[in-house]
Amino acid sequence: MRFFRGAPVPRVHLAAVLAVVTIVTLRILPSTPRASLGESEPVNNYTFSKGERCFLKKINGLRHRKGKRRLDADKQLGYVARRHARGMARNGSIYHDGDLGSTVTRWRRLGQNVGRGGGCKSLFRAFKRSSGHRANILGTWKHVGVGLDRRGGNIFVMHIFQSKRNPGNVYSYP
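Note that the structure is predicted; figures quoted are calculated from it, not measured.

Cut-offs applied
Residues numbered from 1 in each chain as written. Predicted model: local features only at pLDDT ≥ 70, side-chain atom pairs only at ≥ 80, totals over all residues. Heavy atoms only, no water. Helix = DSSP H or I, 4+ residues; strand = E, 2+ residues; numbered from the N terminus. Expected span 1.5 Å × (residues − 1). Buried < 20%, exposed > 50% of the residue type's maximum accessible area, 1.4 Å probe, protein only. Contact = heavy atoms within 4.5 Å. Core = buried A, V, L, I, M, F, W, Y, C linked by side-chain atoms within 4.5 Å. Pairing = 2+ DSSP bridges. 1 Å grid on protein atoms, 1.4 Å probe; cavity = no way out; pocket = protein on both sides within 12 Å on 5 of 7 lines; lining within 4 Å. Points joined across faces, edges and corners; volume = space filled by probe spheres on them. Nonpolar A, V, L, I, M, F, W, Y, C, P; charged D, E, K, R; others polar. Disulfide = S-S within 2.5 Å. Polar contact = N/O pair within 3.5 Å; in protein donor to acceptor, adjacent residues only side chain to side chain. Phe/Tyr/Trp six-rings, centres within 6.5 Å; stacked < 30°, edge-to-face > 60°. Lys NZ or Arg CZ within 6 Å of the ring centre and 35° of its normal.

With that out of the way, let us pick up helix α2 (residues 50-65). Look at α2: 22 Å from first C-alpha to last across 16 residues, which is about the 22 Å you get at 1.5 Å a residue. Inspection of α2 places Gly51, Glu52, Phe55, Leu56, Ile59, Asn60, Leu62 and Arg63 among the buried residues, and these make up the whole buried set. Packed against the buried residues of α2 are β4 (72-73), α3 (75-91), α5 (120-129), α6 (131-137), β7 (143-151) and β8 (154-162). Backbone geometry just downstream of α2 places Gly67 in the positive-phi region, at approximately 75°.

Let us now look at the nonpolar core. With 35 residues, the main nonpolar core has Phe55, Ile59, Ile137 and Ile160 as its most contacted residues. Of all elements in the fold, only α2, α3, β6 (109-117), α5, β7 and β8 reach the threshold of two or more residues within this core.

Attention shifts here to the pairing of β6. Taken across its 9 residues, β6 has 8 buried, putting it largely inside the fold. By the bridge criterion, 8 bridges tie β6 to β8 in an arrangement that is antiparallel. Following the sheet pairing, Gly111 is matched in β8 by Phe161.

Its volume calculated, the second largest pocket comes out at about 160 Å³. Forming the boundary of the second largest pocket are Cys54, Lys57, Lys58, Gly61, Arg65, Lys121, Phe124, Arg125 and Lys128. Looking at the lining of the second largest pocket residue by residue, the classes come out as 2 nonpolar, 1 polar and 6 charged.

Here the focus is the state of the cysteines. Per the stated rule, a full pass over the model turns up 1 disulfide. The side chain of Cys54 participates in a disulfide bridge whose partner is Cys120; the two sulfur atoms lie 2.1 Å from each other. Taking the sign of the torsion about the S-S bond as the criterion, the disulfide between Cys54 and Cys120, at about -90°, is left-handed. Taken together, the positions of Cys54 in helix α2 and Cys120 in helix α5 put the pair 66 residues apart, joining distant regions of the chain.

Moving on to the environment of Asp149. Take Asp149: it is sitting in strand β7. The class of Asp149 is buried, set by a relative accessible area of 13%. Those residues in contact with Asp149 that lie beyond four places of it in its chain are Ala85, Arg86, Ala89, Asn154, Ile155 and Phe156. For Asp149, the side chain forms a polar contact with the side chain of Arg151, separated by 3.0 Å.

Here we come to the pairing of β7. Of all 9 residues making up β7, 7 are buried, and the element is well covered by its neighbours. In this structure, β4 lies alongside β7, joined through 2 bridges in parallel fashion. Among the inter-strand pairings, Asp72 is bridged to a residue of β7, identified as His143. Bridging between β7 and β8 involves 9 bridges; their strand directions are antiparallel. Across the sheet, Gly147 pairs through a bridge with Met158, a residue of β8. Counting the residues between successive antiparallel strands, the hairpin from β7 to β8 contains 2 residues, one of them, Gly152, with a positive phi of roughly 55°.

The backbone of Arg106 sits at a positive phi, close to 55°, despite the residue not being glycine. You can see Arg106 is positioned in the loop between β5 (104-105) and β6. On the accessibility criterion, Arg106 (40% relative accessible area) is partly exposed.

One pass over the structure, following the stated rule, counts 5 aromatic pairs. Between the aromatic rings of Tyr46 and Tyr79, the centroid separation amounts to 6.0 Å while the plane-to-plane angle is 80°, which identifies the pairing as edge-to-face. Taken as a pair, Tyr46 in the loop between β3 (22-25) and α2 and Tyr79 in helix α3 lie far apart in primary sequence, 33 residues in all. Comparing Tyr46 with Tyr79, the two get one shared label, buried. Three or more aromatic residues joined by ring pairs form one cluster here, namely Tyr46, Phe48, Tyr79 and Tyr171. If you follow Arg83 out to its NZ or CZ, it ends over the ring of Tyr171, 3.8 Å from the centre. Over the ring of Trp141 we find Arg109, and its NZ or CZ is 4.3 Å from the ring centre.

Written out as structure tokens, the structure is:
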């Protein structure tokens, strides 16, 4: 068991803290289409799930309390995040998307948080307590997308933060 300040770290906190925070600051890269994972969504009916909306609300609530501007919920980023969350849930582990810079288009800066936990409230609390995750949540972004999948009593979540107007993705949706 790992310890933080001399006390045992609850499993949900450990999962969030162990997730390495990645902020990518690069110039725009060419995108290469990626193969479909067979997880199509109805093209004109994409909506954020209840759990995803919970994270979006908590992200913007924290930003508001800290005097930061509200982030626009972006369906393009949300779709990419949901696909990644599904992959993490299928594999039963959390990991960052190393191809995010090729999957998201029209970006200047990207950030991502990934985690696994029992629910939105407890997992978001763990993100807030992690300095790297909190830095992403409170960063100078314009857009956010959240993807979530539930498996085996856990939720797997990915937040994608982006700073340029009108982000897109290489998938044919949304």
